[in-house]
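Architecture at a glance
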Amino acid sequence: MLKSLKIDKTWTLFLDRDGVINKRIVDDYVLRVEQFEFLPGVVDAIVAFSKMFNRIVVVTNQQGIGKGMMTESDLHEIHSAMRKAIEAKGGKIDEVYFCPDLKEKKSLYRKPNIGMALKAKKQFADINFKKSIMVGDSLSDMQFGKRAGMITVFANPNPHVAKKYPEFVDYYFEGLSDFSEVLK
């Protein structure tokens, strides 16, 4: 069924970060580069996606900044290291968008709101949300994708969201590497 989408270089891949690209730290945040650990097979998956998609962008809520637990500079260091590791293997991430705001602020930029998608579209005018896929591991990621008009992929070893909220989930995989294997 995914093959019928005819993904080519006119498509954009949106990726959540924590829990999709790297291991999520339960009840905490990745605050330093040393804490950032890619999930198994993710770098190879992003390398494969780099050959299929025109753009790959990361959209991530990072309220650890809003809570004063880390700075934007700390976050940029983490993202720079992440991108370098991917580029070293032949992959790419075109841009990383993040929202530092606390959940309570109800920011336009905090998922499930679509502010980060709109920022991406403003920076890359060729992005077409109808030819975009949002991969995430939470309900807010799926809502973000649907609100922007994207195809959604729930990537999480626990399928609870996919089962409980099927209206938000187009496809389910245990992780990003499983999704890439199906697209190859």
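As shown above, the structure is provided for reference.
As a convention, each chain's residues are numbered from 1 in the sequence order in which they are written. A pLDDT threshold of at least 70 governs which residues receive local features in this predicted model, and a stricter bar of 80 or more applies before side-chain atom pairs are shown or counted, although totals over entire chains, interfaces and linings include all residues. As a convention, hydrogens and water are excluded, and side-chain values are obtained from all of the structure's heavy atoms.

1. What about the overall build of the protein chain?
- Numbering of helices and strands runs from the N terminus; a helix is a DSSP stretch of H or I covering at least four residues, while a strand is a stretch of E covering at least two. A count of helical and extended segments in the protein chain gives seven helices and six strands.
- If you list the helices and strands of the protein chain from N to C, you get β-α-β-α-α-β-α-β-α-β-α-β-α.
- Our radius of gyration is a C-alpha quantity, and the globule rule it is checked against amounts to 2.2 Å times the number of residues to the power 0.38. Its C-alpha atoms give the protein chain a radius of gyration of 15 Å, within 12% of the compact-globule value 16 Å for 184 residues.
- C-alpha atoms of the protein chain, sized along the principal axes, occupy 45 × 35 × 35 Å.
- Note on classification: 1.4 Å probe, protein chains only; a residue is buried when its accessible area is under 20% of the maximum for its type, exposed when over 50%, partly exposed between these limits. Relative to its full complement of 184 residues, the protein chain shows a buried share of 51%.
- By the convention used here, residues are in contact when the closest approach between their heavy atoms is within 4.5 Å. Long-range pairs, those at least 24 residues apart, make up 62% of the contacts in the protein chain with a sequence separation of at least 6.
- Counting only carbon and sulfur atoms, one obtains 53% of the accessible surface of the protein chain, whose full area is about 8900 Å².
- Between the centroid of the 29 positive side chains of the protein chain and the centroid of its 24 negative side chains there is a distance of 5 Å. Only the protein chains shown count as cover for residues, and the accessible areas themselves come from Shrake-Rupley with a 1.4 Å probe. Positive charges come from Lys and Arg, negative ones from Asp and Glu, while His and the chain ends are left out of the count. Lys charges are placed at NZ, Arg charges at CZ, Asp charges at CG and Glu charges at CD.

2. Remarks on the nonpolar core
- F49, I133, V135, L176 and F179 are the most contacted members of the largest nonpolar core, which has 41 residues in total.
- A per-element tally of this core places helix α1 (residues 42-52) first, with eight residues.
- Those residues in contact with L176 that lie beyond four places of it in its chain are L15, V20, V42, A45, I46, F49, V135 and A155.
- Among the nonpolar cores identified, the runner-up in size contains 15 residues, and V57, V59, A117 and I127 belong to it. Side-chain atoms within 4.5 Å link the members of a nonpolar core, which is a set of buried Ala, Val, Leu, Ile, Met, Phe, Trp, Tyr and Cys residues.

3. With respect to the packing of aromatic side chains
- We call Phe, Tyr and Trp rings a pair once their centres come within 6.5 Å, taking the six-membered ring for Trp, and we label the pair stacked below 30 degrees between planes, edge-to-face above 60, and tilted otherwise. What the rule picks out here adds up to eight aromatic pairs.
- A centroid spacing of 6.5 Å and a plane angle of 65° characterise the contact between F14 and F144, whose relative ring orientation is edge-to-face. Of this pair, F14 sits in strand β1 (residues 12-15) while F144 sits in helix α5 (residues 139-148), and the two are 130 residues apart along the sequence.
- Judged by relative accessible area, F14 falls into the buried class, the value being 0%.

4. Structural notes on the packing of α1 against helix α7 (residues 176-183)
- The convention used is that axes are lines fitted to C-alpha atoms, helices contributing only their stretch in contact, and that angles between N-to-C directions extend from 0 to 180 degrees. The geometry of α1 relative to α7 is characterised by a closest axis approach of 8 Å and an angle of 35° between their N-to-C directions. Read as a crossing pair, α1 and α7 show a hand that is left-handed. In this structure, α1 contributes V42, A45, I46, F49 and M52 to the contact, and α7 contributes L176, S177, F179, S180 and L183.
- Any residue that is not Ala, Val, Leu, Ile, Met, Phe, Trp, Tyr, Cys, Pro, Asp, Glu, Lys or Arg is counted as polar, Gly included; the first ten are nonpolar and the last four charged. When the residues that make up the contact of α1 with α7 are grouped by side-chain class, the tally is eight nonpolar, two polar and no charged. Left-handed describes a crossing whose near helix is turned anticlockwise from the far helix through less than a right angle; right-handed describes the clockwise counterpart.

5. Description of the side chain of T60
- Positionally, T60 belongs in strand β2 (residues 55-61).
- Excluding anything up to four places from it in sequence, T60 contacts D16, R17, D18, H79, V96, Y97, F98, C99, K111 and M116.

6. Some thoughts on the environment of R24
- Note that R24 resides in the loop between β1 and α1.
- Along the backbone, R24 and L39 are 15 residues apart, and their C-alpha atoms lie at a distance of 9.1 Å.
- Excluding residues within four positions of it along the chain, R24 makes contact with D16, D18, G19 and D137.
- Pairs of N or O atoms within 3.5 Å make up the polar contacts considered here, provided that, within protein, one atom can donate a hydrogen while the other can accept it, and that residues adjacent in sequence are counted only when both atoms are side-chain atoms. A distance of 2.9 Å separates a polar atom in the side chain of R24 from the backbone oxygen of D18.

7. Overview of the environment of I25
- Here I25 shows up in the loop between β1 and α1.
- For I25, a relative accessible area of 27% corresponds to the partly exposed category.
- Along the sequence, I25 and E37 sit 12 residues apart, while their C-alpha atoms lie 9.8 Å from each other.
- Those residues within four positions of I25 in sequence are excluded, and the remaining contacts are V30 and Q35.

8. Notes on the pairing of strand β3 (residues 95-99)
- Burial within β3 is extensive, with four of its five residues counted as buried.
- As judged from the five bridges shared by β2 and β3, these two strands associate in the parallel manner. Bridge pairing in β3 places V58 opposite V96. A pair of strands is treated as paired once DSSP finds two or more bridges between them.

9. Some words on α1
- Judged by how many residues are buried, α1 sits mostly within the fold: nine of 11 residues are covered.
- Along α1, the positions that sit buried rather than exposed are V42, V43, A45, I46, V47, A48, F49, S50 and M52.
- Those residues of α1 hidden inside the fold are in contact with β1, β2, α3 (72-88) and α7.

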